[in-house]
Amino acid sequence: MQYEVAVGHLDLAARVDEALAVQALAFGLTDEEIAVRRHIVLRHLAFPGARALGATTSEGRLVGFVYGLPNDRNQWWSSVVEPYLLRNGATGWLDRSFTITELHVHPAFQQRGVGRELITRLTDAAAEPRSLLSAVEAESPARALYRRLGYRDLATGVSFPSAATPYVVMGAELPLHR
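Residues numbered from 1 in each chain as written. Predicted model: local features only at pLDDT ≥ 70, side-chain atom pairs only at ≥ 80, totals over all residues. Heavy atoms only, no water.

### Section: the packing of aromatic side chains
For the coordinates displayed, the defined rule picks out three aromatic pairs. When the ring of Trp-76 is compared with that of Phe-160, the centres are 5.8 Å apart and the planes differ by 35°; the resulting orientation is tilted. On the criterion of sequence distance, the pair formed by Trp-76 in helix α3 (residues 76–87) and Phe-160 in the loop between β6 (152–158) and β7 (167–173) is long-range, its members being 84 residues apart. The interplanar angle of 85° and the centroid separation of 5.2 Å between the aromatic rings of Phe-160 and Tyr-167 together place this pair among those described as edge-to-face. Members of the aromatic cluster, connected to one another through ring pairs, are Trp-76, Phe-160 and Tyr-167. (Phe/Tyr/Trp six-rings, centres within 6.5 Å; stacked < 30°, edge-to-face > 60°. Helix = DSSP H or I, 4+ residues; strand = E, 2+ residues; numbered from the N terminus.)

Structure, rendered in structure tokens:
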């Protein structure tokens, strides 16, 4: 069955469990990881400038979401990635950047442009001149999408505590490529 999907504002705090269910399917999370991420998402939403978009079917089913916030060097993510960016001469990217914190699309709705619409609409509303994100370093459809949108690798081999796989930090000038 083919579903129409609409992208718009998402009250992520109210629909956090639905969003994390999508993330769990897309990213293969355990129940324990979901519980940890729930706390993190709700904490992020309290930061100034945090915003989210969702992709929903005409029946109201959430099938994708993205959220992000203006980067702040005092936040945990920045403190972890800064040494990696420093090695590559890219620490200036931590200033005046909008960070994509999470972007996930239900596997049944991937490869339909949903992720592209979510990330471009969220960054189009950013006041910052560029965007940052981190992604699993392995080649994937997500990394290919980010490259098509103008993101480039700023640091590789990034190790986040509790993450078993290496990550890459990517950055793009805004607006993203179409």
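### Some remarks on the pairing of strand β5 (residues 130–136)
Among the seven residues of β5, five are classified as buried, and the element is accordingly described as predominantly covered. Bridge count between strand β4 (residues 97–105) and β5: four bridges; the pairing is parallel. Among the inter-strand pairings, Phe-98 is bridged to a residue of β5, identified as Ser-131. Crossover β4 to β5 through helix α4 (residues 114–124) is right-handed. Here β5 runs beside β7; their pairing, made up of seven bridges, is antiparallel. The residue bridging Leu-132 from the neighbouring strand is Gly-171, located in β7. (Buried < 20%, exposed > 50% of the residue type's maximum accessible area, 1.4 Å probe, protein only. Pairing = 2+ DSSP bridges. Right-handed = clockwise from strand over helix to strand, strands pointing away.)

### Structural notes on the sheet that holds strand β3 (residues 62–70)
Taken together, the seven strands give an open sheet; going across it, the order is β1-β2-β3-β4-β5-β7-β6, and neighbouring strands pair in mixed fashion. Of all strands in the sheet, those bounded by a partner on one side alone are β1 (5–9) and β6. Taken pair by pair, the neighbouring strands of this sheet meet at an average axis angle of 20°, ignoring direction. Pairing between strand β2 (residues 51–57) and β3: six bridges, direction antiparallel. Bridged to Gly-54 within β3 is Phe-65. (Axes fitted to C-alpha atoms, helices over the stretch in contact; angles between N-to-C directions.)

### Digging into the packing of helix α1 (residues 16–27) against helix α2 (residues 31–44)
Where α1 meets α2, the axes come as close as 10 Å, and the angle between the chain directions of the two elements is 130°. Between α1 and α2, the angle falls in the class oblique. Crossing hand, α1 versus α2: right-handed. Contact with α1, carried on its side by Val-16, Asp-17, Leu-20, Gln-23, Ala-24 and Phe-27, involves Ile-34, Arg-37, Arg-38, Val-41 and Leu-42 of α2 and no other residues of that element. Per-class residue counts for the contact of α1 with α2 are seven nonpolar, one polar and three charged. (Parallel < 35°, antiparallel > 145°, perpendicular 65-115°, else oblique. Left-handed = near helix turned anticlockwise from the far one by under 90°. Contact = heavy atoms within 4.5 Å. Nonpolar A, V, L, I, M, F, W, Y, C, P; charged D, E, K, R; others polar.)

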